[in-house]
Amino acid sequence: MPRVTDEAVIIGLGETPVGKLPGLNSVQIQAMAVHDALRSCGLSIRDVDGLINLDPYSFPNSMFATTLAEYLGLKPSFCTTVDVGGTVTGMTMLQQAIWAINSGHCRTAVCVYGENALTGRSPGAHGYMLKNLLGGEEWEEPFGLQGMVSMYALLAQRYFHDYGADESDLGAIAVSTREHALLNPTAMMKKPMTLEDHRRSRIICSPLRLLDCSLVADGGGALVLTGAANARRLGAPMVRMRSFAMRMTHNTVAQMPDIEDLGMRDAGRDAYEAAGIGPEDLDMAQLHDAFTISVLVTIDALGFCEPGGAGDYIRTGATAPGGKCPVNTHGGLLSQAHIGGMLHLVEAVRQLRGEAGRRQVPDARLALVSGNGGIFSLCGVSILERV
Amino acid sequence: MEDILAILPSPTKETAPFWEGCNRSELLLRACEDCAQVFYYPRLYCPKCGSEKLAWRASAGRGTLYSFTHVGVSFYGPTWESQIPYTLVLVDLDDGPRMLSRLVGPDRDKVKIGDRVRVEFVEFETQKLPYFSIVRE
Ligand SMILES: [Zn+2]
């Protein structure tokens, strides 16, 4: 059972501005997010003895947790870097922090991610590139595959074939996500989007268009965790990770299983079972949305509808602001900013604390966060709960 | 045949026979001598049973299209504009494994999932690359 704990809780959240942050490097952006998160719960760096982060994708580094710890002036008793892919990294950071706190390796930990992926990347670069040995260099590049979008395009084309879906289904989630972004003052995208805008945007890799792709951005997000007893003493609002499950099935796109065998379904089932809930109990879902197709596949896999039904489900209004289970209430990677998915977790915590302003989901108690690294290579699902 | 640009692989000792096979117009797969699993890409150990007893087996080079995408932007800067749009494919080989490749030849724009395809070795500089073309029967 992938139950996590009842003890350590999330008590603080931080988020830097997102978009273009020229002149700031990844260490500085992560430091800003850490300080913002500590301010939110009345703590300072003197209270922190655990630090967990991820090094920047746009400029990979070694020992990035120690780099950041020194920069901040920390001397933590628990310090590590986690890299398992989009949003699952953030969830795994939380899991590591919880285990470290529960086992006495530290008392108060900060989980952080941030980078200057937009202003820091090399001139002429497009989209998101991930370098990893085996896959990219030898079995993909000689065939012309580069960047994440082409892999998701292959998935989208197959999804169309398997379920009779089409670009209006992709457009439906792009539009729903934009509606949320318009309620979030920090979102990069400020203008309304129609299905027609989506259909008219240019093809990047068929069938995916520009408005199917997330926003490469600078920015950072952080969460603070401590033991429940300490949290009560501080009087901080508490959010608990009620369950977390992951499933890895492959790395490269050619090894990807058929859509209904992707790891998201198994991770979701395990996370629901461990939390003792089902999709109907959720107040919201923050679903990793590097591309629109990711959300359709995830909605199907997490049991919000029958396989292939995501487009119709979205058209009921369920995912939009005020819907039955709003999806990506911050505007997601598609319309707020792609910060490695860290802001999906920050947003879930903010909503569960009742601090989401105009976009607050009324009386939010339970949030699901999903992630997938690579091309649904490693999937993760967690259930967060207001204590 | 269209003008092809490619980024050539840097084979390891283990994978060099695959790329040398391509230069002889042979598509070589790994076959496990213990469990009979046929797999691609080549690895030192069978991904099904862990065996190191592996042989090279020539593929018939025929398969069915699992998915495709027409790439509409250059991810390699202006020099690749000449390639746009080009077509990436996932091919389910009749021998078992699924393979990522590039589609060449006529009717690329009419390609659909389920089309039969066959390997076409396309030479770029020093290396023949195992691309595919549509089979019209
Ligand atoms: Zn074997």
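A brief structural summary. (Residues numbered from 1 in each chain as written. Chains lettered and ligands numbered in written order. Predicted model: local features only at pLDDT ≥ 70, side-chain atom pairs only at ≥ 80, totals over all residues. Heavy atoms only, no water.)

Attention now goes to the overall build of chain B. For chain B, the count of helices and strands is 1 helix and 8 strands. Ordered by position from N to C terminus, the α and β elements of chain B give α-β-β-β-β-β-β-β-β. Radius of gyration (C-alpha) of chain B: 16 Å, near the 14 Å computed for a compact globule of 137 residues. Across the 137 residues in chain B, those meeting the buried criterion constitute 51%. Partitioning the contacts of chain B with sequence separation of at least 6, the portion at a separation of at least 24 is 55%. Seen as two clouds, the 17 positive and the 19 negative side-chain charges of chain B have centres 4 Å apart. (Helix = DSSP H or I, 4+ residues; strand = E, 2+ residues; numbered from the N terminus. Rg over C-alpha atoms; globule rule 2.2 N^0.38 Å. Buried < 20%, exposed > 50% of the residue type's maximum accessible area, 1.4 Å probe, protein only. Contact = heavy atoms within 4.5 Å. Lys, Arg positive; Asp, Glu negative; His and termini not counted. Charge placed at Lys NZ, Arg CZ, Asp CG, Glu CD.)

This paragraph deals with the sheet that holds strand S3 (residues 54-58) of chain B. Through backbone hydrogen bonds, the strands of a sheet pair up, either in parallel or in antiparallel fashion. Strands sit in the order S2-S1-S3 (chain B) across an open sheet of 3 strands; the sheet is antiparallel. The sheet is open, and its two edges are formed by strand S2 (38-39) and S3 of chain B, each paired on a single side. (Pairing = 2+ DSSP bridges.)

Residue and element names in this part refer to chain B. The zinc ion binds to the protein through Cys 32 (SG), Cys 35 (SG), Cys 46 (SG) and Cys 49 (SG), with metal-donor distances spanning 2.3 to 2.4 Å. For the zinc ion, the 4 donor atoms in the first shell make angles of 104 to 114° at the metal, so the coordination geometry reads as tetrahedral. Mapped onto the sequence, the donors of the zinc ion take the spacing C-x2-C-x10-C-x2-C. With a gap of 14 residues between them, Cys 32 in strand S1 (residues 28-32) and Cys 46 in the loop between S2 and S3 connect regions that are remote in the sequence. The class of Cys 32 is buried, set by a relative accessible area of 5%. Using a relative accessible area of 4% as the deciding quantity, one classes Cys 46 as buried. (Donors = N, O, S within 2.8 Å, 3.2 Å for Na, K, Ca; no water. Tetrahedral: all angles 85-135°; square planar, octahedral: opposite > 155°, others 65-115°.)

Turning to helix H3 (residues 88-102) of chain A, a few remarks are in order. Residues and elements named next belong to chain A. Between its terminal C-alpha atoms H3 stretches 21 Å, which fits the 21 Å expected from 15 residues at 1.5 Å a residue. Summarising burial for H3: 12 of the 15 residues are buried, a large majority. Buried residues of H3: Val 88, Thr 89, Gly 90, Met 91, Thr 92, Met 93, Leu 94, Gln 95, Ala 97, Ile 98, Ala 100 and Ile 101, and no others. (Expected span 1.5 Å × (residues − 1).)

Let us now look at the interface of chain A and chain B. Opposite the 32 residues of chain A that make contact, chain B presents 39 residues. When chain A packs against chain B, the two sides together hide about 3000 Å² of surface, and 63% of this comes from carbon and sulfur. Connecting chain A to chain B are 1 salt bridge. Arg 98 of chain B is the salt-bridge partner of Asp 258 of chain A, the closest N and O atoms lying 3.4 Å from each other. Our enumeration of links across chain A and chain B arrives at 15 residue pairs in polar contact (both at pLDDT 80 or more). Counting residues per element, the ones that place at least two in the side of chain A that touches chain B are helix H4 (136-140), helix H5 (148-163) and strand S5 (203-205) of chain A. Among the elements that make up the side of chain A that touches chain B, the one with the highest residue count is H5 of chain A (7 residues). Here the residues of the side of chain A that touches chain B sort into 17 nonpolar, 9 polar and 6 charged. (Buried area = accessible area lost by both parts, 1.4 Å probe. Salt bridge = Lys/Arg side-chain N within 4 Å of Asp/Glu carboxyl O. Polar contact = N/O pair within 3.5 Å; in protein donor to acceptor, adjacent residues only side chain to side chain. Nonpolar A, V, L, I, M, F, W, Y, C, P; charged D, E, K, R; others polar.)

Turning our attention to the environment of Ala 236 of chain A. Residue and element names in this part refer to chain A. Tracing the sequence through the fold places Ala 236 in the loop between helix H8 (228-234) and strand S8 (239-248). Separated by 227 residues in the primary sequence, Ala 236 and Val 9 place their C-alpha atoms 10.0 Å from one another. Once residues within four sequence positions are removed from consideration, Ala 236 is found in contact with Ile 11 and Ala 231.

Residue and element names in this part refer to chain B. Of note, the amide linkage connecting Tyr 40 to Tyr 41 takes the cis form, showing an omega dihedral of 5°. Structurally, the position occupied by Tyr 41 is in the loop between S2 and S3. The amide bond that connects Ile 84 to the next residue, Pro 85, takes the cis arrangement and shows omega of -10°. Position of Pro 85 relative to the elements: it lies in the loop between strand S4 (62-71) and strand S5 (86-93). In this model, Ser 25 sits at a positive phi of 60°, which is unusual for a non-glycine residue. Considering the arrangement of structural elements, one finds Ser 25 in the loop between helix H1 (16-23) and S1. A relative accessible area of 38% means that Ser 25 is categorised as partly exposed.

Turning next to the packing of H5 of chain A against helix H10 (residues 292-301) of chain A. Residues and elements named next belong to chain A. Between H5 and H10, the shortest axis-to-axis distance is 10 Å and the interhelical angle comes to 55°. Between H5 and H10, the angle falls in the class oblique. Of the two elements, H5 crosses H10, and the hand of that crossing is left-handed. Counted together, Tyr 152, Leu 155, Ala 156 and Tyr 159 of H5 and Ile 293, Ser 294, Leu 296, Val 297 and Asp 300 of H10 form the full contact between these two elements. Residue classes in the contact of H5 with H10 are distributed as 7 nonpolar, 1 polar and 1 charged. (Axes fitted to C-alpha atoms, helices over the stretch in contact; angles between N-to-C directions. Parallel < 35°, antiparallel > 145°, perpendicular 65-115°, else oblique. Left-handed = near helix turned anticlockwise from the far one by under 90°.)

A few words now on the pairing of S1 of chain B. All names here are of chain B. Buried residues dominate S1, accounting for 5 of its 5 residues. What you see with S1 is no split at all: Leu 28, Arg 30 and Cys 32 on one side and Leu 29 and Ala 31 on the other are buried throughout. Bridge count between S1 and S3: 5 bridges; the pairing is antiparallel. For Cys 32, the partnering residue across the bridge sits in S3 and is Leu 54.

Looking now at the pattern of salt bridges. In the structure shown here, the tally under the stated rule is 27 salt bridges over all chains. Between Arg 247 of chain A and Asp 266 of chain A there is a salt bridge, and its shortest N-O distance comes to 3.5 Å. Taken together, the residues span a long stretch of sequence, with Arg 247 of chain A in strand S8 and Asp 266 of chain A in helix H9 (residues 263-275) at a distance of 19 residues. Residue class for Asp 266 of chain A comes out partly exposed when judged on its relative accessible area of 24%. In this structure, Arg 136 of chain B and Asp 107 of chain B form a salt bridge, with 3.7 Å as the shortest nitrogen-oxygen distance. In this pair, Arg 136 of chain B is assigned in the segment after strand S8 (127-134) and Asp 107 of chain B in the loop between strand S6 (98-103) and strand S7 (116-124), connecting sequence segments 29 residues apart. Classification of Arg 136 of chain B by relative accessible area gives partly exposed; the value is 46%. Judged by its relative accessible area of 30%, Asp 107 of chain B is partly exposed. One connected set of salt bridges, linked through shared partners, spans Glu 15, Glu 347, Arg 350 and Arg 359 of chain A.

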